[in-house]
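Okay, here's what each chain looks like letter by letter:
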Amino acid sequence: MAEIIYDDGADLALIESKTVAIIGYGSQGHAHALNLKDSGVEVVVGLRPGSSSWEKAEAAGLTVKDVPEAVAAGDVVMILVPDQVQRHVYSEQIAPNLKEDAALFFSHGFNIRYGYIAPEAGHDVCMVAPKGPGHTVRRQFEEGRGVPALVCVEQDASGRALDLALSYAKGIGATRAGVIETTFTEETETDLFGEQAVLCGGVSKLIQYGFETLVEAGYKPEMAYFEVCHELKLIVDLINEGGLTKQRWSCSDTAEYGDYVSGPRVIGPQVKEAMKEVLADIQDGTFARRFIADQDNGGLEFKALRMENESHPIEKTGQKLRAAFGWTSVDADYTDGSAAR
């Protein structure tokens, strides 16, 4: 079993002695910046001039500079902009302004794993990757808890890169819950696979197909939504609390029996073979090349797929039901369609 490192295995004084430049102020960026600040770390946020996040960060009591100035001030530079733009931001604004011995930090290994960013030898290259969205990282910290994280070192120029990564993890509250040491390759490949085959791609398609099957058989869309989408959160919460065993124990005997006899009919061996193909594309860089090529082309395929899936009938059904039953999310970024992504 992997070793889990807690607060007593990390020295906060290391990161407290540094100025940390957080590049980006989105979901993860705001959480890292505010948690570190509250842990007593000197933080500067790097944003492009005119960014809509500039005033938000300043209103939260953070020092904000443009990216080159923030990088020049940073002893640790955490890059928290989207994967597809990291290489451009790095080559144009970060690399030319890095201190000679500054440490480079990431929260996902994509650009290092696939060679889109290749830092010079004099820099520690580390990752601290919370296993949860930024708003959860922030909320848990404020409540005195933490979100588990992965830490790893790709390049140890200082001889203390792992200690620094653990100190950073403590600063954002991750060691309260526990952190696991891994590698950039392992984190990247397992993260992409989990997203594509199960958590995002697999679950989304399973929900859509389940909805379509019921509606095409003549059942009301609202009934279909309840049975294949709404109740999923209840099941996932049980799995999160106690694994598949608790989920099965908490359901009726009818549901548990149906799980055993019908689950393998829907998710059969052919699905596992398809998963192996997905993993192979991740391991050999096929997926990364396709994603970056599309992004460099303006994201045409990405935007078309997004539009296709947002227009699926389950989305309209869900919007009406959530509003009718009071489940409307407070996150206007994705519910009202008016805010920028």
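Scroll up a little and you will see the structure.
Rules and cut-offs
Every chain's residues receive numbers from 1 upward, in the order its sequence appears when written. Local features in a predicted model are, by the rule used here, given only for residues with pLDDT of at least 70; side-chain atom pairs are given and counted only at 80 or more, and totals for whole chains, interfaces and linings are based on all residues. Heavy atoms throughout the structure, all of them, feed into the side-chain values; hydrogens and water do not. Runs of E in the DSSP output that reach at least two residues are strands. Runs of H or I that reach at least four are helices, and both are numbered from the N terminus. Here the globule rule reads 2.2 Å times residues to the power 0.38, and the radius of gyration is calculated from C-alpha atoms. Partly exposed residues are those whose accessible area sits between 20% and 50% of the maximum for their type, while under 20% is buried and over 50% is exposed, using a 1.4 Å probe and protein chains only. In this scheme, strands are said to pair when DSSP sees at least two bridges between them. Put simply, a salt bridge is a Lys or Arg side-chain nitrogen that is within 4 Å of an Asp or Glu carboxyl oxygen. Two rings from Phe, Tyr or Trp (for Trp, the six-membered ring) form a pair when their centres are within 6.5 Å of each other. A pair whose planes differ by under 30 degrees is stacked, one over 60 is edge-to-face, and the rest are tilted. Buried Ala, Val, Leu, Ile, Met, Phe, Trp, Tyr and Cys residues form a nonpolar core when they are joined through side-chain atoms within 4.5 Å. What makes two residues a contact is simply this: any of their non-hydrogen atoms within 4.5 Å. Here the expected span of a helix is defined as 1.5 Å times the quantity of residues minus one. Only the stretch in contact is used when a helix axis is fitted, and all axes are lines through C-alpha atoms; the angle between N-to-C directions ranges over 0 to 180 degrees. By the definition adopted for this analysis, an angle is roughly parallel if under 35 degrees, roughly antiparallel if over 145, roughly perpendicular if from 65 to 115, and oblique otherwise. The classification used treats Ala, Val, Leu, Ile, Met, Phe, Trp, Tyr, Cys and Pro as nonpolar, Asp, Glu, Lys and Arg as charged, and all other residues, Gly among them, as polar. Like-charged residues are merged into a patch within 9 Å and nonpolar side chains (Val, Leu, Ile, Met, Phe, Trp, Tyr) within 5 Å, provided each residue has over 30% relative accessible area and no salt bridge. Each accessible area value is a Shrake-Rupley result obtained with a 1.4 Å probe; residue values ignore everything except the protein chains displayed when judging cover.

**Student:** Got a sec to walk through the overall build of the chain? Specific residues and values, please.
**Tutor:** A count of helices and strands for the chain gives 19 helices and nine strands. Against the compact-globule benchmark of 20 Å for 341 residues, the chain has a radius of gyration of 22 Å, which places it among compact chains. Based on the C-alpha atoms only, the size of the chain along its principal axes is roughly 65 × 45 × 40 Å. Buried residues in the chain amount to 37% of all 341 residues.

**Student:** Talk me through the sheet that holds strand β9 (residues 179-181); I want residue IDs and the actual numbers.
**Tutor:** Across the sheet, nine strands lie side by side as β1-β9-β8-β7-β6-β5-β2-β3-β4; this open sheet has mixed pairing. Each edge of the open sheet is held by one strand with a lone partner, namely β1 (4-5) and β4 (63-66). Bridge count for strand β8 (residues 149-155) against β9 is three bridges, and the pairing is parallel. Across the sheet, alanine 149 pairs through a bridge with valine 179, a residue of β9.

**Student:** Break down the pairing of β8 for me, citing the residues and quoting the values.
**Tutor:** Alignment of strand β7 (residues 125-130) against β8, held across six bridges, turns out to be antiparallel. Bridge assignment links cysteine 126 to a residue of β8, and that residue is valine 153.

**Student:** Quick rundown of the pattern of salt bridges? Include the residues and the values.
**Tutor:** For the coordinates displayed, the defined rule picks out 13 salt bridges. Between arginine 138 and glutamate 142 there is a salt bridge; the shortest N-O distance is 3.5 Å. One end of the pair is arginine 138 and the other is glutamate 142, both in helix α7 (residues 134-142) and four residues apart, which spans about a single turn. Judged by relative accessible area, which is 55%, glutamate 142 ranks as exposed. A single network of salt bridges, built from pairs that share partners, joins Asp38, Arg138 and Glu142.

**Student:** Go over the packing of aromatic side chains with me, naming the residues and quoting the values.
**Tutor:** Taken as a whole and assessed by the stated rule, the structure comprises seven aromatic pairs. Relative to tyrosine 168, the ring of phenylalanine 105 has its centre 5.2 Å away and its plane inclined at 40°; by these criteria the two rings are tilted. Taken as a pair, phenylalanine 105 in strand β6 (residues 103-106) and tyrosine 168 in helix α8 (residues 161-171) lie far apart in primary sequence, 63 residues in all. The exposure class of phenylalanine 105 is buried, given its relative accessible area of 0%. Under the relative-accessibility criterion, tyrosine 168 is labelled buried at 0%. Measuring from centroid to centroid gives 6.0 Å for phenylalanine 110 and phenylalanine 291, while their planes differ by 85°, and the two rings are edge-to-face. On the criterion of sequence distance, the pair formed by phenylalanine 110 in helix α6 (residues 110-113) and phenylalanine 291 in helix α16 (residues 286-296) is long-range, its members being 181 residues apart.

**Student:** Could you give an account of the nonpolar core, with specific residues and numbers?
**Tutor:** With 34 residues, the main nonpolar core has Ile22, Leu36, Phe105, Val128 and Tyr168 as its most contacted residues. Breaking this core down by element, the ones donating at least two residues are β2 (19-23), α2 (27-38), β3 (42-47), β5 (76-79), β6, β7, β8 and α8. By residue number, the principal contributor to this core is α8, which donates six residues. With sequence-adjacent residues up to four places away left out, phenylalanine 105 is seen in contact with Val76, Val77, Met78, Ile79, Cys126, Val128, Leu164, Ala165 and Tyr168. Among the nonpolar cores identified, the runner-up in size contains 24 residues, and Met127, Leu150, Cys152 and Phe184 belong to it.

**Student:** Would you mind going over helix α15 (residues 269-283) in detail, with residue names and values included?
**Tutor:** The first and last C-alpha atoms of α15 sit 21 Å apart over 15 residues, in line with the 21 Å expected at 1.5 Å per residue. Once α15 finishes, glycine 285 follows within two positions and takes phi at roughly 90°, a positive value.

**Student:** Describe the packing of helix α10 (residues 184-199) against helix α11 (residues 201-216), listing the residues and the values that go with them.
**Tutor:** Where α10 contacts α11, the axes come no closer than 3 Å and their chain directions differ by 10°. Compared by their axis directions, α10 and α11 come out roughly parallel. Touching Glu195, Gln196, Ala197, Val198 and Leu199 of α10 are Gly201, Gly202 and Val203, all from α11. Partitioning the contact of α10 with α11 into residue classes produces four nonpolar, three polar and one charged.

**Student:** Account for a nonpolar patch on the surface, with residues named and values stated.
**Tutor:** Taken together, the side chains of Met1, Ile4 and Tyr6 define a hydrophobic patch exposed on the protein surface, amounting to about 380 Å² of accessible area. Looking at tyrosine 6, the relative accessible area reads 39%, which means it is partly exposed.

**Student:** Quick one: what's the story with the packing of helix α12 (residues 221-230) against helix α18 (residues 313-324), residue by residue and with numbers?
**Tutor:** At a minimum axis distance of 10 Å, the contact between α12 and α18 shows a crossing angle of 90°. Viewed along their axes, α12 and α18 adopt a mutual orientation that is roughly perpendicular. Contact with α12, carried on its side by Pro221, Glu222, Tyr225, Phe226, Val228 and Cys229, involves Ile314, Thr317, Gly318, Leu321 and Arg322 of α18 and no other residues of that element.

**Student:** Help me get a handle on the environment of phenylalanine 226, residues and values and all.
**Tutor:** Take phenylalanine 226: it is sitting in helix α12. For the pair formed by phenylalanine 226 and glutamine 28, sequence separation is 198 residues and the distance between their alpha carbons is 31 Å.

**Student:** Account for α2, with residues named and values stated.
**Tutor:** Between the first and last C-alpha of α2 there are 17 Å, a value that for twelve residues agrees with the 16 Å anticipated at 1.5 Å per step. All of the buried residues along α2 are Gln28, Gly29, Ala31, His32, Ala33, Leu34, Asn35 and Leu36. The first or second residue beyond α2 is glycine 40, which carries a positive phi of 95°.

Read these as layout, nothing more, since geometry by itself doesn't imply function.
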